[in-house]
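# Close look at the chain arrangement
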Amino acid sequence: MKIPRYPLYLILVILLFSVPANALAAQGAEESPPDPNAIVPPELFDTLEYRLVGPYRGGRSTAGTGVPGQPFTFYMGTTGGGVWKTDDAGESWHNISDGFIEAGSIGAIAVAPSDVNVIYVGTGSNAPRGNISPGIGIYKSTDAGKTWDHIGLTEAGQIGRIRIHPTNPDIAYAAALGHIFGPNEERGVFRTLDGGTSWEKVLFVSDKTGAVDLAIDLSNPRILYAGMWTVERKPWTLTSGSEEGGIYKTADGGDTWEKLEEGLPEGEVGKIGVTVSPVNPDRVWALIEAEKGGVFHSDDAGKSWTLVSKDRKLRQRAWYYTRIYADPIDENTVYALNLSLIHI
């Protein structure tokens with residue numbers, strides 16, 4: 001007797017319809033939605049390993065973001081391949097900038113928390129290696145990346161970060177590092193109140209010092225922190241740092257700023273990464289390139305700072321990396337990006 005061979009998908013369909021409907025209903029009734037704030041036991045991750053999920057064009061990744069409420073959707077920017085999107089947690093990627101964004105180098109991507117169809121992209125990587133590509137300003141999409149419009153800051157050079165107001169997608173801030181090969185005026189922190197139709201320069205230090213990072217207090221979006229960096233790329237070297245650099249804070253949405261100093265490195269300061277804890281907005285973290293640099297934290301919203309790590313592995317090739325991210329659940333946990341992802 002010959003036993004018929006059925007394709008796998010047909011077997012799965014047969015098995016599905018062989019299960020009584022009441023059994024499926026009972027199973028669904030017993031299961032409750034997963035707790036998004038549940039802490040997974042660390043030992044469950046012991047055998048997991050990172051793997052490359054692509055895409056395989058465009059060079060290294062220089063910007064990335066997830067999407068609120070869509071755990072499998074991510075956007076990524078590259079040094080030469082534009083903007084990419086995945087809807088299946090990285091199993092597949094497709095380019096969404098070709099034909100729209102006239103620059104391959106991407107420095108910042110931000111999705112509006114209050115309207116995930118709104119995306120801002122800043123061109124120009126903020127990691128100024130010798131073959132860096134200049135940016136040409138900011139682009140915006142209002143249809144989740146299907147189409148894009150150029151919305152200004154053409155001469156901002158390299159854009160290191162974009163932050164969007166948590167409840168108003170028309171209010172956004174951009175950290176403009178400026179021209180990487182020489183001085184220019186279009187650098188610092190810029191603000192738009194009308195979705196990018198117009199931009200106002202709200203923090204300017206000098207024509208040689210630009211903004212490389214921005215952090216926003218989501219509990220009070222009038223409070224922002226900016227990392228300011230003096231940097232210039234020459235064909236033969238890189239000049240990084242000056243006394244103009246440092247962390248600046250605004251408490252009125254960008255109208256006025258103050259330089260934070262107590263407990264922070266004195267003298268020449270280079271590249272800076274800054275982040276605010278979503279759990280405790282008084283806890284602010286900074287990763288600073290300086291002679292006495294390292295990881296600093298503040299427990300009073302930036303009034304004073306304490307050095308908590310001066311490990312060199314967090315600061316090697318500082319102009320290339322120097323990114324820091326607060327944990328969304330634990331205010332005492334922070335992550336630094338360098339040659340590897342480092343948990344502090």
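Residues numbered from 1 in each chain as written. Predicted model: local features only at pLDDT ≥ 70, side-chain atom pairs only at ≥ 80, totals over all residues. Heavy atoms only, no water.

## Side note on the overall build of the protein
Heads up, the condition is: Only DSSP runs of H or I with at least four residues qualify as helices, and only runs of E with at least two residues qualify as strands; both kinds are numbered from the N terminus onward. Think of it in three bands: residues with accessible area under 20% of the maximum for their type are buried, residues over 50% are exposed, and the middle band is partly exposed, with areas taken using a 1.4 Å probe on protein chains only. Contacts were defined at the residue level, with two residues in contact if any of their heavy atoms lie within 4.5 Å. Each accessible area is a Shrake-Rupley result for a 1.4 Å probe, and residues are judged covered by the shown protein chains and nothing else.
If you tally the helices and strands in the protein, you get two helices and 24 strands. Of all 344 residues assigned to the protein, the portion counted as buried reaches 49%. The long-range fraction of contacts in the protein, counting pairs at least 24 apart against all pairs at least 6 apart in sequence, stands at 46%. As displayed, the protein offers around 17800 Å² of accessible surface, 54% of which is attributable to carbon and sulfur atoms.

## Brief notes about the side chain of serine 206
Residue position: serine 206 is located in the loop between strand E12 (200-203) and strand E13 (209-216). For serine 206, a relative accessible area of 12% translates into the label buried. If we ignore the near neighbours within four places in the chain, the residues touching serine 206 are Arg187 and Glu244.

## Describing the sheet that holds strand E24 (residues 341-343)
Sheet strands line up and pair through hydrogen bonds in the backbone, either parallel or antiparallel. Convention followed: Should DSSP find at least two bridges between two strands, the strands are regarded as paired. The axes used here are C-alpha line fits, helices contributing only the stretch in contact, and every angle between their N-to-C directions lies in the interval 0 to 180 degrees.
With antiparallel pairing, the three strands of this open sheet are ordered in space as E22-E23-E24. Edge positions in the sheet fall to strand E22 (323-326) and E24, since each of these pairs with one other strand and no more. Across this sheet, the average inter-strand angle for adjacent strands is 25 degrees, counted without regard to direction. In the sheet, strand E23 (residues 334-337) pairs with E24 via three bridges, with the strands oriented antiparallel. By the bridge assignment, leucine 337 is partnered in E24 with leucine 341.

## Regarding the side chain of glutamine 158
Condition: We define a polar contact as two N or O atoms separated by no more than 3.5 Å, with the added condition that, inside protein, one atom must be a possible hydrogen donor and the other a possible acceptor, whereas residues neighbouring each other in sequence contribute only through side-chain atom pairs.
Here glutamine 158 shows up in strand E9 (residues 158-164). Of the polar contacts made by the side chain of glutamine 158, one reaches the backbone oxygen of serine 133; its length is 3.4 Å.

## What to know about the environment of isoleucine 164
One can find isoleucine 164 in strand E9. C-alpha separation for the pair isoleucine 164 and isoleucine 216, spaced 52 residues apart in sequence, amounts to 8.5 Å. Other than its neighbours up to four places away in sequence, isoleucine 164 contacts Ala110, Val111, Ala112, Pro113, Tyr120, Pro169, Ile171, Ala172 and Ile216.

## Here we look at the sheet that holds strand E2 (residues 70-78)
Pairing is antiparallel across the open sheet formed by four strands, whose spatial order is E1-E2-E3-E4. The strands lining the two open edges of the sheet, one partner per strand, are strand E1 (61-67) and strand E4 (94-95).

## Observations concerning a nonpolar patch on the surface
How we decide: Within this analysis, patches are made of residues with over 30% relative accessible area and no salt bridge. Like charges are joined at 9 Å or less; nonpolar side chains (Val, Leu, Ile, Met, Phe, Trp, Tyr) at 5 Å or less. Whenever Lys or Arg places a side-chain nitrogen within 4 Å of a carboxyl oxygen from Asp or Glu, that contact is recorded as a salt bridge.
A cluster of nonpolar side chains, namely Val40, Leu44, Phe45 and Leu48, defines an oily patch on the protein surface of about 400 Å² accessible area. Tracing the sequence through the fold places leucine 48 in the loop between helix H2 (21-30) and E1. On the basis of relative accessibility, which here comes to 56%, the residue leucine 48 falls in the exposed class.

## Considerations on the pattern of salt bridges
For the coordinates displayed, the defined rule picks out eight salt bridges. Here glutamate 91 and arginine 51 are joined by a salt bridge, their closest N and O atoms 3.0 Å apart. Within this pair, whereas glutamate 91 is found in the loop between strand E3 (83-86) and E4, its partner arginine 51 is found in the loop between H2 and E1, the two being separated by 40 residues in sequence. Here glutamate 91 falls in the exposed class, since its relative accessible area comes to 56%. When its relative accessible area of 59% is taken as the criterion, arginine 51 is described as exposed. The partner of aspartate 299 in a salt bridge is arginine 283, with the nearest N and O atoms 2.4 Å apart. Here arginine 283 lies in the loop between strand E18 (269-276) and strand E19 (284-290) and aspartate 299 lies in the loop between strand E20 (294-298) and strand E21 (306-309), a separation of 16 residues in the sequence.

## Here we look at the packing of aromatic side chains
Aromatic rings considered in pairs are described by the distance between their centres and by the relative angle of their planes. Operational definition: Stacked, tilted and edge-to-face are the three classes assigned to paired rings of Phe, Tyr and Trp, where Trp is represented by its six-membered ring and a pair needs centres within 6.5 Å; plane angles under 30 degrees give stacked, over 60 edge-to-face, the rest tilted.
For the structure shown, the criterion picks out two aromatic pairs. Consider the rings of tryptophan 319 and tyrosine 320, whose centres lie 4.8 Å apart with planes at 5 degrees: the pair is stacked. An identical accessibility class is assigned to tryptophan 319 and tyrosine 320; each is buried. Centroid distance tyrosine 320 to tyrosine 321: 5.1 Å. Interplanar angle 25 degrees. Geometry classified as stacked.

## Describing the pairing of strand E10 (residues 172-178)
Most of E10 sits out of view: seven of its seven residues are buried. Burial of the side chains of E10 extends over both faces: Ala172, Ala174, Ala176 and Gly178 are buried on one face and Tyr173, Ala175 and Leu177 on the other. In the sheet, E9 pairs with E10 via six bridges, with the strands oriented antiparallel. Each bridged residue has a counterpart across the sheet, and for arginine 163 the counterpart in E10 is tyrosine 173.

## A closer look at unusual backbone geometry
Following glycine 54, the chain continues into proline 55 via a peptide bond in cis, with omega recorded as -5 degrees. Relative to the helices and strands, proline 55 resides in the loop between H2 and E1. Its identity as a non-glycine residue notwithstanding, arginine 317 has a phi of 45 degrees, on the positive side. Note that arginine 317 resides in the loop between E21 and E22. Given the relative accessible area of 45%, arginine 317 is considered partly exposed. Phi angles above zero are rare outside glycine, and threonine 322 is one such case at about 60 degrees.

## As for the confidence of the model for the protein
Note the cut-off: Per-residue confidence from the predictor is reported as pLDDT, a score between 0 and 100.
When the pLDDT values of the protein are averaged, the result is 90; 90% of them are 70 or greater. Confidence drops under pLDDT 50 across residues 1-29; counting only partners more than four residues distant or on other chains, this segment forms three contacts.

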